[in-house]
Amino acid sequence: MAAATSVVVLDRGNNTTCTINLHGATVVSWRVNNQEQLFVSKQAVFDGKKAIRGGIPFVFPQFGPWTFGPPHGFARIVRWNVEKSPERLPSGDVEAIFSIMDNEFTRSMWNYSFRLTYRLILREKELHFHIGVYNPSKDHTFSFNILLHTYFKVPDVRRCQITGLHGCTFIDKTRDNQIFQEGRDVVTVCEWTDRIYQNTPGEHIITNVVSGRKMRVQKYNFPDTVVSNPWQEKARDIPDFGDDEFPNMICVESGHVSSPVILVPGMTFEASQILQVM
């Protein structure tokens, strides 16, 4: 593991904690009553260079392959600043704020000034994420994708069901980005899956996560929901992911990725997500 200074821990008491690695502001652990809710690969690399495989990597300003820089953008591979160290709120919840802004490295790929803030609040059975992207420029509009690439830990992905996707169109990245419509009331994953569901509702429930419980995902201003699992054949192609780990994770990711966010000078884009153990 990287040096202790590279990690910030929110501790609510009662064995409920959230750990953020400043490399990518990646949430690498979220424990509720001492039960880990997030999947991080045993092969994940913590070298401060490569994106961390698992937890909740932060995808910005690009989703997927990128001509100008690393896939999924640079936010998940740069070191973030601690804007506000963990602080207990009057409610007993714990809040911390992280941020990045443009620098020489980001401008070498994406030549815009920006400021990105990431506010996390740890509650008893909930983790809240509030995101702000600000365009400080006087004359440059920019566009971007943004996504929270959440890896949930599950006992057996084949037994999970995801609600809230019935009737949605989706881009199937396993079938040449063809567009289909979801006919199932609940979505299950029994093969290599990589889908961008579009215009999804503000809530999904995932069944059979840790210890047979349910996870509620609520999202605001994130019109897309990505559902993915590499399955056996693709797991072998990922060097920092164990060949046998795919049954124990499911990615259900809130984002704005099937169309770009267009941000005019002086404006802020805001989005949020709440994860709740039920």
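Cut-offs applied
- Residues numbered from 1 in each chain as written.
- Predicted model: local features only at pLDDT ≥ 70, side-chain atom pairs only at ≥ 80, totals over all residues.
- Heavy atoms only, no water.
- UniProt positions renumbered as here; feature names shortened; annotations may be inferred.
- Phe/Tyr/Trp six-rings, centres within 6.5 Å; stacked < 30°, edge-to-face > 60°.
- Helix = DSSP H or I, 4+ residues; strand = E, 2+ residues; numbered from the N terminus.
- Lys NZ or Arg CZ within 6 Å of the ring centre and 35° of its normal.
- Buried < 20%, exposed > 50% of the residue type's maximum accessible area, 1.4 Å probe, protein only.
- Pairing = 2+ DSSP bridges.
- Axes fitted to C-alpha atoms, helices over the stretch in contact; angles between N-to-C directions.

With an unreviewed UniProt entry as reference, the protein is termed glucose-6-phosphate 1-epimerase, source organism Polistes dominula. According to the UniProt record, the Pathway (unreviewed entry) comment for the protein is "Carbohydrate metabolism; galactose metabolism." Recorded in UniProt for the protein, the comment headed Sequence similarities (unreviewed entry) runs: "Belongs to the glucose-6-phosphate 1-epimerase family."

Caption draft 1: Layout of the packing of aromatic side chains. This model, assessed by the stated rule, comprises 22 aromatic pairs. Centroid distance Phe-60 to Phe-114: 5.5 Å. Interplanar angle 50°. Geometry classified as tilted. Of this pair, Phe-60 sits in the loop between strand S5 (58–59) and strand S6 (81–88) while Phe-114 sits in the loop between helix H1 (104–107) and strand S8 (115–122), and the two are 54 residues apart along the sequence. Each residue in the set Phe-60, Trp-66, Phe-74, Trp-110, Tyr-112, Phe-114, Phe-142, Phe-144 and Phe-269 is aromatic and connected to the rest through ring pairs, giving one cluster. In this structure, Lys-234 packs its charged tip against the face of Trp-192, placed 4.5 Å from the ring centre.

Caption draft 2: Molecular detail of unusual backbone geometry. In this chain, Phe-60 is followed by Pro-61 through a cis amide linkage whose omega measures 0°. The residue Pro-61 is located in the loop between S5 and S6 in this model. Positive phi is not limited to glycine here, since Asn-208 has a value of about 55°.

Caption draft 3: Structural context of the pairing of strand S10 (residues 142–148). S10 sits mainly inside the fold: six of its seven residues count as buried. Examined bridge by bridge, S10 and strand S18 (residues 249–263) share six bridges and lie antiparallel to one another. Counterpart to Ile-146 in the pairing with S18 is His-256.

Caption draft 4: Expanded view of the sheet that holds strand S4 (residues 35–36). As summarised here, the arrangement of the four strands in space is S1-S2-S3-S4, forming an open sheet in which the pairing is antiparallel. Lying at the two open borders of the sheet, with one neighbouring strand each, are strand S1 (7–13) and S4. In terms of strand pairing, strand S2 (residues 16–21) meets strand S3 (residues 26–32) through five bridges, oriented antiparallel. Counted as the bridge partner of Ile-20 is Val-27 from S3.

Caption draft 5: Broad picture of the sheet that holds strand S19 (residues 268–277). An order of S6-S7-S8-S9-S19-S16-S15 is seen for the seven strands of this open sheet, with the pairing classed as antiparallel. Whereas interior strands pair on both sides, the edge strands pair on one side only; in this sheet they are S6 and strand S15 (203–206). Ignoring which end each strand starts from, the neighbouring axes of this sheet average 10° apart. In the sheet, strand S7 (residues 94–101) pairs with S8 via eight bridges, with the strands oriented antiparallel.

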